[in-house]
Amino acid sequence: MTDAGHNWQEVRREVPADIGLVAVSKFHPVNALLAAYDAGCHTFGESRVQELCAKRDLLPADVEWHFIGHLQPNKVKYIAPFVSLIHAVDTPKLLAEISKRGKQCGRRVPCLLQVHVAREETKFGFSPEELLAYLATRTWREQDGASIEGLMCMASNTDDMAQVEAEFKQVARLFDEVKGQYFADNPAFRLRSYGMSHDWPVAVACGSNLVRIGTRIFGEREY
Ligand SMILES: *Cc1c(COP(=O)(O)O)cnc(C)c1O
């Protein structure tokens, strides 16, 4: 078995069985995805629409494709018919477009709202205040071609695990608040997508139930 297959099995054994695992395959060749697939991995995460669609054509049809990156509204149409989860909805405009395209293909596209809690200025997402203000408008309730199923975040890119932990805990609290206030009657709102190769154990300790792991499975990326 090649490395990616072996690594995926190892990671799958380490991550508790009730926690979802997305194998982040961006920038890695199709061979590596096929090796992971043969080892049992059927959920891949990609961050560019063109790359995702090209790989989808070459992998078995039962693969679940997650879109994990920043998504431009004008590209939603290419993935709306089949994508299993869009992790990083960062504007009301993007949610509206996902809903529109979802309706056009007769489905509700599962998605997560991205919360910006990291220190870096450049990361996308709603600040916690913006998220609460947006949800309070209740306009999202009209976007019924999209199914809001939880929150996603990326922690600061730092070795300071106390900082990372504080950020994940902030999102966990926000999830509980939002769930209680707006989604108490909606069992689909259940996902907390946080944790990557270097910080997933902290994320899981802070309530993540969906981790997105790339490097640990596929090795370093060459951009
Ligand atoms: C690339 C990426 C990951 C995976 O990161 P690794 O450090 O390689 O595990 C997870 N989430 C998002 C949003 C990413 O862009």
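Right, let's walk through the structure included here.

Rules used in this analysis
Here the residue index of a chain counts from 1 through its sequence in written order. Since the coordinates come from a predicted model, pLDDT governs what is reported: local features require at least 70, and pairs of side-chain atoms require 80 or more to be given and counted, while whole-chain, interface and lining totals use all residues. The side-chain values count all of the structure's non-hydrogen atoms but skip hydrogen atoms and water molecules. Numbering of helices and strands runs from the N terminus, with a helix taken as a DSSP run of H or I at least four residues long and a strand as a DSSP run of E at least two residues long. Burial status follows relative accessibility: with a 1.4 Å probe on protein chains alone, a residue under 20% of its type maximum counts as buried, one over 50% as exposed, and anything between as partly exposed. Side-chain atoms alone can form a polar contact between residues adjacent in sequence; in general such a contact is a pair of N or O atoms within 3.5 Å, and within protein one must be able to donate a hydrogen while the other accepts it. Contacts between residues were defined by any pair of non-hydrogen atoms, one from each residue, lying within 4.5 Å. Aromatic rings from Phe, Tyr and Trp, with only the six-membered ring used for Trp, were paired whenever their centres fell within 6.5 Å, and each pair was classed as stacked if the ring planes differed by under 30 degrees, edge-to-face if by over 60, and tilted otherwise. Charge-over-ring contacts are defined here by two conditions on Lys NZ or Arg CZ: a distance within 6 Å of the ring centre and an angle within 35 degrees of the ring normal. Residues are classed as near a molecule or strand on a simple rule: at least one heavy atom within 4 Å of it. Note on areas: Shrake-Rupley, 1.4 Å probe, and residue coverage restricted to the protein chains presented here.

### Regarding the side chain of Glu149
If you trace the backbone, Glu149 turns up in strand S6 (residues 146-154). On the basis of relative accessibility, which here comes to 11%, the residue Glu149 falls in the buried class. Of the polar contacts made by the side chain of Glu149, one reaches the side chain of Ser147; its length is 2.7 Å. Residues within four places of Glu149 in sequence aside, it is in contact with Pro110, Cys111, Leu112, Ala188, Phe189, Arg190 and Leu191.

### Points about the packing of aromatic side chains
Per the stated rule, a full pass over the model turns up seven aromatic pairs. For the pair Phe168 and Tyr194, a centre-to-centre distance of 5.0 Å together with 15 degrees between the ring planes defines the contact as stacked. Taken as a pair, Phe168 in helix H7 (residues 161-182) and Tyr194 in the loop between strand S7 (191-193) and helix H8 (200-205) lie far apart in primary sequence, 26 residues in all. Sitting above the plane of the Phe82 ring, Arg56 keeps its charged end 3.7 Å from the centroid. Positioned above the aromatic ring of Phe175 is the side chain of Arg192, whose terminal nitrogen or guanidinium carbon lies 4.7 Å from the ring centre.

### Remarks on the site of the ligand
Around the ligand sit Val24, Lys26, Ile68, Met152, Met154, Met196, Ser197, Arg212, Ile213, Gly214, Thr215 and Arg221, and those are all the residues in its vicinity. Gly214 is positioned with one of its backbone polar atoms (N or O) 2.8 Å from an oxygen atom of the ligand. Bound to the protein, the ligand loses 91% of the 390 Å² it would expose on its own. For the shell around the ligand, the elements supplying multiple residues, two or more each, are S6 and strand S8 (210-213).

### With respect to unusual backbone geometry
Although it is not a glycine, Phe27 sits at a positive phi angle of roughly 70 degrees. Counting through the fold element by element, Phe27 comes out in the loop between strand S1 (20-24) and helix H2 (30-38). Assessed through its relative accessible area of 26%, Phe27 is described here as partly exposed. Unusually for a residue other than glycine, Arg138 sits at a positive phi of about 60 degrees. In this fold, Arg138 is placed in the loop between helix H6 (128-137) and S6.

### Re H2
All buried positions along H2 are accounted for by Val30, Ala32, Leu33, Ala35, Ala36 and Tyr37. As for H2, its buried residues are in contact with helix H1 (3-14), strand S2 (43-46), helix H3 (49-56), strand S3 (64-67) and helix H9 (215-218). Among the residues trailing H2, Gly40 stands out with phi positive, at a value near 120 degrees.

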